[in-house]
Number of protein chains: 2
Amino acid sequence: MPRARTTETADRIRSAALELIAAKGVHQVSLREIAERVGVTKPALYYHFASREELVRSLVQPFIDDVEAVLAPFGPGADARQLLGAYFDVTYRHRDITAMIMREPGILALVDLAAAVGQWRTRMVSMLAGPDPSLAEVVRVQMAIGGLGDCTVVLPGAAGPELREAVLDAVCDLLLIPGPAREP
Amino acid sequence: MPRARTTETADRIRSAALELIAAKGVHQVSLREIAERVGVTKPALYYHFASREELVRSLVQPFIDDVEAVLAPFGPGADARQLLGAYFDVTYRHRDITAMIMREPGILALVDLAAAVGQWRTRMVSMLAGPDPSLAEVVRVQMAIGGLGDCTVVLPGAAGPELREAVLDAVCDLLLIPGPAREP
DNA sequence: GTCTATAACCGGATAGAC
DNA sequence: GTCTATCCGGTTATAGAC
């Protein structure tokens, strides 16, 4: 098994980068630092990532892709609990990335991905609040989406499934949606 | 006369910087290049200017200051020909800087001077178009200010005084102001 | 005190050898 | 895939000439 673990180093670079960025901020971390932590040299990074930007993008991209895949099957009038449940799951799965983005939203602009994120938020709003929502409705949906993401990050102690249910209950209340078959 | 020419080197740096920036753009010029052209080393630049930004600012600042000094005496209802004449003069005096700014307006943002410039343009508009001007009036004044600046730069061949009169005549027409005592 | 230079460090990025 | 070496740009420390 010599060449099977091709991406191993790249992965280690990614995770080192993630840790350091989480600790110090994107602009405060140099490629040298990242390389050192991985135990390689700067140029080695450049073998795996053409630039600093590309490295950061490679951190965020899988999350973006995953969200888009999860959102794809849903359409207008989607069941809120289902849609937001799926969104919770994907957010939770990538909670390290979610946390990074929440700490420094500027990252998205940096790697030219802000538009994508804005788009799926808008899509979710239109699916959940209808085609011509009032401001109040939009606000509630945006709060729901944002708050849901926050919880996956801010409450890392909570086990996934419990957190999931608690968040979805709260979000449905926020959206004035009666919970489904909850026994008293 | 030992210490009289204190700022000489700083001036040479400024003028070298100005030339190179005019030729290649602000962001395309390195301090090394500037230093070389002056015949000193990079660190020598740093003695005179704390940073790249400060160097650029020192290029622009005298112009800003001069404009503000010139504008100060004027108030609401100022005579347009007089005000614009004074503004022409100051623009013409600093036409090298004016040209640089026109080529790359971003420079102002870079050195945090965009606000200042915006302000005196607004001031001139309110002085010349009154407190509650129509859009049409504002447009004419802004065109006058901008066009006047352009002429000092675009027509470097023309001698100052002739250019001045020609520009002022044109500007007064633009502002629908009858020229003062012009014989037929 | 004014001015300048040498040398060095940091960060990003690339070439080329192993 | 990884390194050594190198370049560039910005910046600073230090030392020293005038």
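Owing to the predicted nature of the structure, the values given are computational and were not obtained by experimental measurement.

**Q** Can you lay out the pattern of salt bridges for me, pointing to particular residues and giving the numbers?
**A** In this structure the tally under the stated criterion is 20 salt bridges over all chains. With a shortest N-O distance of 2.5 Å, D89 of chain A and R164 of chain A are connected by a salt bridge. Placement of the pair is D89 of chain A in helix α5 (residues 80-93) and R164 of chain A in helix α10 (residues 160-174), with a sequence separation of 75 residues. Judged by its relative accessible area of 30%, D89 of chain A falls in the partly exposed class. Residue classification places R164 of chain A among the partly exposed residues on the basis of a relative accessible area of 23%. Here R164 of chain B and E165 of chain B are joined by a salt bridge, their closest N and O atoms 3.5 Å apart.

**Q** Can you break down the packing of helix α9 (residues 135-154) of chain A against α10 of chain A residue by residue, with the values?
**A** Residue and element names in this part refer to chain A. Between α9 and α10, whose axes approach to 10 Å, the crossing angle comes to 165 degrees. It follows that α9 is roughly antiparallel to α10 by the angle criterion. Seen along the crossing, α9 lies across α10 with a hand that is right-handed. In contact with R140, M143, A144, L148, C151 and T152 of α9, α10 contributes L163, V167, V171 and L174. Its residues assigned to classes, the contact of α9 with α10 comprises 8 nonpolar, 1 polar and 1 charged.

**Q** So what about the domain arrangement of chain A? Which residues, and what values?
**A** The parts lose accessible area when they come together, and the size of an interface is often stated as this lost area. Residue and element names in this part refer to chain A. In terms of domains, chain A is made up of domain 1 (1-49) and domain 2 (57-174). Carbon and sulfur atoms make up 76% of the area that domain 1 and domain 2 hide from each other, which totals about 710 Å². Interface area lost by domain 1 to domain 2 is led by R14, L18 and V26, which between them contribute 57%. Joining domain 1 to domain 2, the criterion identifies 0 salt bridges. Here domain 1 is connected to domain 2 by 2 residue pairs in polar contact (both at pLDDT 80 or more). Tallied by class, residues from the side of domain 1 that touches domain 2 come to 6 nonpolar, 2 polar and 1 charged.

Parameters at a glance
- Residues numbered from 1 in each chain as written.
- Chains lettered and ligands numbered in written order.
- Predicted model: local features only at pLDDT ≥ 70, side-chain atom pairs only at ≥ 80, totals over all residues.
- Heavy atoms only, no water.
- Salt bridge = Lys/Arg side-chain N within 4 Å of Asp/Glu carboxyl O.
- Helix = DSSP H or I, 4+ residues; strand = E, 2+ residues; numbered from the N terminus.
- Buried < 20%, exposed > 50% of the residue type's maximum accessible area, 1.4 Å probe, protein only.
- Axes fitted to C-alpha atoms, helices over the stretch in contact; angles between N-to-C directions.
- Parallel < 35°, antiparallel > 145°, perpendicular 65-115°, else oblique.
- Left-handed = near helix turned anticlockwise from the far one by under 90°.
- Contact = heavy atoms within 4.5 Å.
- Nonpolar A, V, L, I, M, F, W, Y, C, P; charged D, E, K, R; others polar.
- Domains from an automatic or database assignment.
- Buried area = accessible area lost by both parts, 1.4 Å probe.
- Polar contact = N/O pair within 3.5 Å; in protein donor to acceptor, adjacent residues only side chain to side chain.

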